[in-house]
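Descriptive structure summary
Okay, here's what each chain looks like letter by letter:
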Amino acid sequence: NAGVMQNPRHLVRRRGQEARLRCSPMKGHSHVYWYRQLPEEGLKFMVYLQKENIIDESGMPKERFSAEFPKEGPSILRIQQVVRGDSAAYFCASSPLGQADQPQHFGDGTRLSIL
Amino acid sequence: GENVEQHPSTLSVQEGDSAVIKCTYSDSASNYFPWYKQELGKGPQLIIDIRSNVGEKKDQRIAVTLNKTAKHFSLHITETQPEDSAVYFCAAINQAGTALIFGKGTTLSVSS
């Protein structure tokens, strides 16, 4: 059983470019959560999605950031016009049920570096 | 606002000793409290969790206790081994019930 798969593992972008981070949930999981981790910090919730729906995006910046989880294919976190402050590790988690009191399984993250 | 405080930020123990990490949370509606272990370059791995209808849960060398009145919960690792060295995070559900709020982590170092 494959776990949560994230790619790329490392992504380098210049200021002003776009970053696309992909997350394939565990088999049978239809709920995806994105978190951001700054160095020596805990994970901060960004957005929670079900297939084709954004359920809670309260942790995601209103500008430049967007997320989707289409009917087919992985969930995508998109950051437009990246700035240095976007440098962080971005983690995706999935669960089979849409309740935060169900175990969330994390991928190994995408480390985004902005030059 | 919603918050989870975690202490200590670093913890060094000798192999075989016990390690205790403590967390407090602000939202009394939280009813689920997982603990994650994160190794360098990896994602967080769920190691144990507890729900509010239970005061304690054990899994081999790991145990978690919950005091809902005081709004704090703790992770206990007994007979520590070098492979227990990692960053440990506690978490609680946010007010909307849609995601986890994490503590800032505890870096545990077990020396042999």
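Just above, that's the structure.
Residues numbered from 1 in each chain as written. Chains lettered and ligands numbered in written order. Predicted model: local features only at pLDDT ≥ 70, side-chain atom pairs only at ≥ 80, totals over all residues. Heavy atoms only, no water.

**Remarks on the interface of chain B and chain A**
- The partner chain A presents 21 residues to the 22 residues of chain B that form the contact.
- Here chain B and chain A share an interface that buries about 1700 Å² over both sides, 52% of which is from carbon and sulfur atoms.
- Linking chain B with chain A are one salt bridge, by the criterion used here.
- One salt bridge in this structure joins B:K104 and A:E41, with 4.0 Å as the shortest N-O distance.
- Our count for the contact surface shared by chain B and chain A stands at six residue pairs in polar contact (both at pLDDT 80 or more).
- Here the residues of the side of chain B that touches chain A sort into 10 nonpolar, eight polar and four charged. (Contact = heavy atoms within 4.5 Å. Buried area = accessible area lost by both parts, 1.4 Å probe. Salt bridge = Lys/Arg side-chain N within 4 Å of Asp/Glu carboxyl O. Polar contact = N/O pair within 3.5 Å; in protein donor to acceptor, adjacent residues only side chain to side chain. Nonpolar A, V, L, I, M, F, W, Y, C, P; charged D, E, K, R; others polar.)

**Considerations on the state of the cysteines**
All names here are of chain A.
- Counted under the stated rule, the structure contains two disulfides over all chains.
- With its sulfur 1.8 Å from that of its partner, C23 forms a disulfide with C92. Between C23 and C92, the disulfide has an S-S torsion of -50° and is therefore left-handed. With C23 in strand β3 (residues 19–24) and C92 in strand β9 (residues 88–95), this pair connects stretches of sequence that are 69 residues apart.
- Of the residues examined, C23 reaches a relative accessible area of 0% and is grouped as buried. (Disulfide = S-S within 2.5 Å. Helix = DSSP H or I, 4+ residues; strand = E, 2+ residues; numbered from the N terminus. Buried < 20%, exposed > 50% of the residue type's maximum accessible area, 1.4 Å probe, protein only.)

**Overview of the packing of aromatic side chains**
- With the rule as written, the count across this model stands at 12 aromatic pairs over all chains.
- Between A:Y35 and A:F106 the ring centres are 5.4 Å apart and the planes differ by 45°, which places this aromatic pair in the tilted class. Highlighted residues: A:Y35 in strand β4 (residues 31–37) and A:F106 in strand β10 (residues 105–106), separated in sequence by 71 residues.
- With centroids separated by 5.2 Å and ring planes inclined at 85°, the aromatic side chains of A:F106 and B:Y36 adopt a geometry described as edge-to-face. Here A:F106, found in strand β10, pairs with B:Y36, found in strand β4 (residues 32–38), and the two come from separate chains.
- Residue class for B:Y36 comes out buried when judged on its relative accessible area of 0%.
- Within the aromatic cluster, the residues linked to one another by ring pairs are A:Y35, A:F45, A:F106, B:Y36, B:F89 and B:F102. (Phe/Tyr/Trp six-rings, centres within 6.5 Å; stacked < 30°, edge-to-face > 60°.)

**Let's talk about the environment of B:G16**
- Structurally, the position occupied by B:G16 is in the loop between β2 (10–14) and β3 (19–25).
- Separated by 49 residues in the primary sequence, B:G16 and B:T65 place their C-alpha atoms 21 Å from one another.

**Notes on the pattern of salt bridges**
- Taken as a whole, this structure holds seven salt bridges over all chains when the rule is applied.
- With its nearest N and O atoms 2.9 Å apart, the salt bridge here joins B:K57 to B:D49.
- Salt bridges here are not isolated pairs; linked through shared partners, they connect A:E18, A:R20 and A:R78.

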